[in-house]
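Structural overview
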Amino acid sequence: MTAKPIILQELPADLLRERLPRHVAVIMDGNGRWAKKRGMPRIMGHQRGVDVLKDLLRCCGHWGIKALTAYAFSTENWGRPSEEVEFLMTLFERALRQELREMIEEDVQIRFVGNLAVLPRSLQDEIERSVAETSQNQGIQFTIATNYGGRQEILQACRAIATKVQQGLIEPEQIDEALFERHLYTAGICDPDLLIRTSGEMRVSNFLLWQVAYSEIYVTDTLWPDFDRKAFHKALSAYQQRERRFGKV
């Protein structure tokens, strides 16, 4: 199936295309609280959250943002009730299966980061298929962090590099930031320019610890299921008002 050419849509008048972030990362917090406020089961918040993420991905593609990374499931999320975890795994699998054709048509390139080996086999199969079938797409790069933890990512990179040093493939003095980054899950993905966290919590929750060193962080009280294009526009507007100095004057 041939990908549709991406047509960049008109930005809101107060946004400058040349100052858009190349890469936006999102911590999608507040699904359970959103559902509870409405007297619904927590799983309904997660279902609504998938729809919001889908619209945000399309919005990023239309507005010319090159990459979107979503924190879908952390290594700590296994501690949630088993029924919720099982629903989330099923939800991920179903969403991939149902949305893949459309993402191919819209030229989305899908990547997953995290320890995927412990996920249900059927979900791993859908992940492998979606990554393979979108690998040549040239549109927005959509990365889904699943069973992901920033500390674990850094530890596995350290172990991989230490093994190569032990094998004589790398000299210790060759270890620099560029080499280290090549051993992270996110190798080949540029660092986020903007990290958005919904629901008002003021923490990064073990997400992209290495990569967000100089990201601009935007926190909103809006719960993830209510994070619409208007809220995203507000986040981008705040981003464009900041001066990024990267530690310089």
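Preceding block: the structure.
Here goes a summary of the coordinates provided. (Residues numbered from 1 in each chain as written. Predicted model: local features only at pLDDT ≥ 70, side-chain atom pairs only at ≥ 80, totals over all residues. Heavy atoms only, no water.)

Moving on, we come to the packing of aromatic side chains. Taken as a whole and assessed by the stated rule, the structure comprises 10 aromatic pairs. Between Trp63 and Phe232, the ring centres sit 6.0 Å apart and the planes meet at 10 degrees, which makes this aromatic pair stacked. Highlighted residues: Trp63 in helix α2 (residues 42-63) and Phe232 in helix α7 (residues 229-240), separated in sequence by 169 residues. Take Trp63 and Phe232: they sit in the same class, and that class is buried. Through pairs of rings, three or more aromatic residues link up here, namely Trp63, Trp224, Phe227 and Phe232. (Phe/Tyr/Trp six-rings, centres within 6.5 Å; stacked < 30°, edge-to-face > 60°. Helix = DSSP H or I, 4+ residues; strand = E, 2+ residues; numbered from the N terminus. Buried < 20%, exposed > 50% of the residue type's maximum accessible area, 1.4 Å probe, protein only.)

This part is about the packing of α2 against α7. Describing two packed helices takes the angle between their axes plus the distance from one axis to the other. Close contact between α2 and α7 brings their axes to 11 Å; oriented N to C, the two are set at 50 degrees. Taken as axis vectors, α2 and α7 run oblique relative to one another. By crossing handedness, the relation of α2 to α7 is classed as right-handed. Facing Asp55, Leu56, Arg58, Cys59, Cys60 and Trp63 of α2, the residues of α7 in contact are Arg229, Phe232, His233 and Leu236. Tallied by class, residues from the contact of α2 with α7 come to six nonpolar, one polar and three charged. (Axes fitted to C-alpha atoms, helices over the stretch in contact; angles between N-to-C directions. Parallel < 35°, antiparallel > 145°, perpendicular 65-115°, else oblique. Left-handed = near helix turned anticlockwise from the far one by under 90°. Contact = heavy atoms within 4.5 Å. Nonpolar A, V, L, I, M, F, W, Y, C, P; charged D, E, K, R; others polar.)

The subject of this paragraph is the packing of helix α3 (residues 82-105) against helix α4 (residues 121-134). At their nearest, the axes of α3 and α4 sit 9 Å apart, and the two run at 20 degrees to each other. In terms of orientation, α3 and α4 fall into the roughly parallel class. Once α3 is placed against α4, the crossing between them reads as left-handed. Only Ser122, Leu123, Glu126, Ile127, Arg129, Ser130, Glu133 and Thr134 of α4 make contact with α3, whose side of the interface consists of Met89, Phe92, Glu93, Leu96, Arg97, Leu100, Arg101 and Ile104. For the contact of α3 with α4, the residue count by class is seven nonpolar, three polar and six charged.

Our next topic: the nonpolar core. Taken as a class, soluble globular proteins show a tendency for nonpolar side chains to be buried jointly. Ranked by size, the top nonpolar core spans 44 residues in total, and within it Val26, Leu68, Phe142, Ile196 and Phe232 carry the most contacts. For this core, the element with the highest residue contribution is α3, accounting for eight residues. In this structure Phe142 touches Leu53, Leu57, Leu68, Ala70, Met103, Val108, Gln109, Ile110 and Arg111, once residues within four positions along its chain are discounted. In terms of nonpolar packing, the next biggest core, distinct from the first, is built from 10 residues, Tyr71, Val113, Ala145 and Leu208 among them. (Core = buried A, V, L, I, M, F, W, Y, C linked by side-chain atoms within 4.5 Å.)

Taken together, six strands build an open sheet; the order of strands is β3-β4-β2-β1-β5-β6 and the sheet is parallel. At either end of the open sheet lies a strand with only one pairing partner, and these are β3 (109-113) and β6 (216-219). When strand polarity is set aside, the average angle formed by the axes of neighbouring strands in this sheet is 20 degrees. Pairing of strand β2 (residues 67-74) with strand β4 (residues 141-148), which is carried by seven bridges, proceeds in the parallel orientation. Residue pairing for β4: Ser74 is matched across the bridge by Tyr148. (Pairing = 2+ DSSP bridges.)

The subject of this paragraph is α3. If you check α3, its first and last C-alpha atoms are 35 Å apart, about what 24 residues at 1.5 Å a residue would give, namely 34 Å. The axis of α3 is deflected most strongly, by about 50 degrees, at Glu99. Backbone geometry just after α3 places Asp107 at a positive phi near 70 degrees. (Expected span 1.5 Å × (residues − 1). Bend = angle between axes of the 7 residues up to and from the residue.)

Our next topic: unusual backbone geometry. Despite not being glycine, Asn147 shows a phi value in the positive range, around 50 degrees. Tracing the sequence through the fold places Asn147 in strand β4. Given the relative accessible area of 5%, Asn147 is considered buried.

Here α4 spans 20 Å end to end across 14 residues, near enough to the 20 Å set by a 1.5 Å rise per residue. Within α4, the full set of buried residues consists of Leu123, Gln124, Glu126, Ile127, Ser130 and Thr134. Viewed along the axis of α4, the buried residues span an arc of 160 degrees, placing them on a single side of the element. (Arc of directions from axis to C-beta.)

As a further point, take the state of the cysteines. Inspection of every chain in the model, using the stated rule, returns zero disulfides. Between Cys60, a free cysteine, and Cys59, which holds the nearest cysteine sulfur, the sulfur-to-sulfur gap is 5.9 Å. On the basis of relative accessibility, which here comes to 0%, the residue Cys60 falls in the buried class. (Disulfide = S-S within 2.5 Å.)

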